[in-house]
Amino acid sequence: MKSNALKRNTLAIAISLACLPLAALAQQTANNSGPAPQKTSETKQAVPKKAVSLSQIIVTASPAAVTKMGSSISVSTLGPQQISSSGLTTPAGILRDIPGIRAEASGGAGNANISVRGLPETTGGGKFVQWQINGMPVLEFGDIAFATPDTFLRPDYNLKRVTVVRGGSSSVFASNAPGAVINFITKTGREKGGSIGLTYGLGNYNTQRLDFDYGGPLSSTTRFHVGGFIHSGQGPKPVGYTAQSGAQLMGNVTHDINGGFLRLSFQYLNDKEPVYLPVPMYIRGSNSNPSISAIPGFGIQSGAMQTPYWLSDLSVNSNGNSVVTDLANGYHSIVKAIGGEGNFTLSSGWKLHEQFRFASNSGDFVGPYPAEVNTAQNLATSIGGPGATLSYATGPNKGMVITNPATLAGNGLATRVHLFNTSLPNMDNAANILTLSNNYDTASGPVDVLFGYYRSKQNIVQDWHWNTYLETVQGQNAQLLNVTSASGQLLTENGLVAYGEPYWGNCCARSYNIHYTMSAPYLSTTWEPGNWRIDAGVRFDRMRANGWYAGSTGTAAIDVNHDGIIQVPEQTVPVVNNNATMPVNYTATHLEYSIGTNYLFSTNLAFFARASDGARFNADRLLFGGGVLADGNAANSVVVNAVKQYEGGVKWSTRHTSLFVTAFYAKTQDTNQDVTRNLALISRHYTAKGVELEGSVNYGGLAVRAGATYTTSHISSDQITPSDVGNTPQRQAHWIYQISPSYAWSSLPLTVGATIIGTTKSPASVTNGLYMPGFTQTNVFVQYRLNQQTTVSLLANNVFNTVGLTEVDQSPGSVQANGLNTARSILPRTVWVNLRYNFL
């Protein structure tokens, strides 16, 4: 009841904030003469003749519409053709084709780890970036536990382009985004037409998907666009059941008025995708140069912890009620969003831009995590004592006693699995941006000025109810195991070892209901004397947090399955004590600034430089590690993580080539918590520097787009573990790179190409003991135009089926004597065909 009321209140606040200015100005602008240039999420751009066009117009995290060549920021843009031909289909996967971005897209459709230019990725998500859709945040924070923004974002045919601004002005034009603003921009019907496409997976890739979109004019002043998808299948890994299922529908209507426009938009998403967490494997050899190999019966890329013989979980939620969860929920993302945008020309050249978005976000995160891999007998003994025996709890052999555990599943191994089962009943976000701008012609050059006010509310309501199971180590069709003591007592229940996770000290029976309100006035100005462009901005962010959180205070005997018998796992069920909730009640502030300059030596050559001070406000990651004090307060120095950045570079363009080179330097504070490693609060400072390159070559039918980033970074201070000072942050490679060549024949309706993405080796943890090997992933495509309106494409992701580790979990510090470990690799080779018909 309280959650529903909060949703209604948040919706009312969003509508009132957005619609009142629109209503007040509608009459005022009705008589203005002629529509003004539209500084919108779909500002018209110059059609790029090169793979990387420096003449393209940008508006994301920018004080005014300006070309890349004329701007003082580092920005990259990918269009729909580049995205579709790259073979990168998830939001994080798309980012792997952007220089400066280290995106770990190995988890599937969500929960990606994102780092920018050496800014740390300590736990999960993308702490220092903001994901946007049409300039509005998907969620306010990029690293919410089990609810990262990419989980609520699904690219489809609605997508016009993805624009990524790294560092620089993102500190002024977005809250909680000192590292980057990632803006997914959708079509608005400016160009009439659309398409319908059918995608079908080949071989082991079991997926079917239908996409469509269409837009165009409804009248001389009104246009629309609508599109979406529906899909079903097992996904990139053969899990033995339907793990992908759902649909999305998005649309908007735009009405031009004198001096501006009005736009209404909507989004509905209800989708399920499989959660891919680390899996068992062998990591042997030396820490600096380990060898990676598969355990017999478990493929590193294709193997999954999911199985058709384990489809449901019975747990106890924070209210003490028994809850049945379908493991096929995986990433279950539900979005019901509405938005509005208006651009108005006022008197004396002033322009007002108003935009709001309210998104009712909810869902689940359900994924099996192998907390320990060991011999089956060792695990049986650790659970049931000496003489304990194993039997099959599920599958075709259910009930059969395992007489020789050393031969179980062909490898003699088993895994203690923690089922990450987190309900997300309310992740609502409401945001509003109001700007007032003007431009003046002065004797020394044009001057632009912009005043803005941003306000958002982010709800984080979660319920963690995890359990522990025992499972065979099999990449497909794994079975759960029961343990019986030497005296004949059954200690497990259908493979359930324990309610909660006693192997981790029952850390994670949790419930919290927190509401974060961000408000930020900001000011930006630009001056263009001659060939110079100088811009500066300042932003004052204020965050208010209030609510409560509760954890487990012990265990109790509960008849969870209501069969009248207290089974062994039911004797110690962790319970959340809702009578001893901890308050959250604090306010934090930070003043941010950014100043930059760009000098045009010629139409083909420019130099730019920028200095900025940004910040990220911590949210739920402070709750259980001591960041929030007993009275609900939190120190500003703990809540606010400041990021100081300096960057400068050169942009060069000719008829056939483009080159963008940026040197960068950053000092970052990070306060965080990782529940899978250490429950104590992490408090570190980092220093990073490097160079970023992005370029293209275009001759005739040949187009090559490439990028590379060199980063050297280290921990400069650590309040918890001083011995880590000087070490490289976890998973930070010196080099990441991408190259995308393609060739289109002039005499044939045929285009072929590839996207090659790679990284050098990187430390698996901040101790810098074990290093993950570097790897290169290759995606290829062939596209054939059957006629003017119909194309057929064949695409392959990870065509060489490369093993590429993105994290190591069971033992990230060193190689173990028996070689057993858990890690997560990039996804296996997937091949699919797409048939697309374009409406003229």
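Summary of the structure given here. Computed from a prediction, not measured in an experiment: that's the story for all the values here. (Residues numbered from 1 in each chain as written. Predicted model: local features only at pLDDT ≥ 70, side-chain atom pairs only at ≥ 80, totals over all residues. Heavy atoms only, no water.)

## Structural notes on the pairing of strand E35 (residues 657-674)
Consecutive residues of a regular strand have side chains that alternate between opposite faces of the sheet.
Then, number 1: With 13 of 18 residues buried, E35 is to be regarded as a mostly interior element.
Then, number 2: The sheet contact formed by strand E34 (residues 640-653) and E35 spans 11 bridges and is antiparallel. The partner of Gly648 across the bridge, within E35, is Ala663. (Buried < 20%, exposed > 50% of the residue type's maximum accessible area, 1.4 Å probe, protein only. Helix = DSSP H or I, 4+ residues; strand = E, 2+ residues; numbered from the N terminus. Pairing = 2+ DSSP bridges.)

## Re the environment of Pro238
Then, number 1: Note on placement: Pro238 falls in the loop between strand E12 (222-235) and strand E13 (244-257).
Then, number 2: On the accessibility criterion, Pro238 (17% relative accessible area) is buried.
Then, number 3: Through-space distance from the C-alpha of Pro238 to that of Ser391 is 25 Å; in sequence the pair is 153 residues apart.
Then, number 4: With residues up to four places along the chain from it excluded, the contact list for Pro238 reads Ser302 and Gln476. (Contact = heavy atoms within 4.5 Å.)

## A few points about the side chain of Gln669
Then, number 1: Its location among the elements puts Gln669 in strand E35.
Then, number 2: A polar atom in the side chain of Gln669 sits 2.7 Å from the backbone oxygen of Ser637.
Then, number 3: In this structure, Gln669 is in contact with Phe128, Ser637, Val640, Asn641, Ala642, Arg684 and His685, ignoring residues within four places of it in sequence. (Polar contact = N/O pair within 3.5 Å; in protein donor to acceptor, adjacent residues only side chain to side chain.)

## Details of helix H5 (residues 376-384)
Then, number 1: Listing the buried residues of H5 in full gives Ala376, Leu379, Ala380 and Gly384. Within H5, the buried residues cover an arc of 110° as seen down the axis, which keeps them to one side.
Then, number 2: Residues of H5 that are buried in the fold lie against strand E20 (351-375), strand E21 (389-392), strand E23 (413-426), strand E26 (467-472) and strand E27 (481-484).
Then, number 3: One or two steps after H5, the chain reaches Gly385, where phi turns positive at roughly 85°. (Arc of directions from axis to C-beta.)

## Comments concerning the state of the cysteines
Then, number 1: According to the stated counting rule, one finds one disulfide in the structure shown.
Then, number 2: Between the sulfur atoms of Cys507 and its disulfide mate Cys508 the distance is 2.2 Å. Around the S-S axis, the bridge from Cys507 to Cys508 shows a dihedral of about -75° and counts as left-handed.
Then, number 3: We classify Cys507 as buried; its relative accessible area is 14%.
Then, number 4: Assessed through its relative accessible area of 0%, Cys508 is described here as buried. (Disulfide = S-S within 2.5 Å.)

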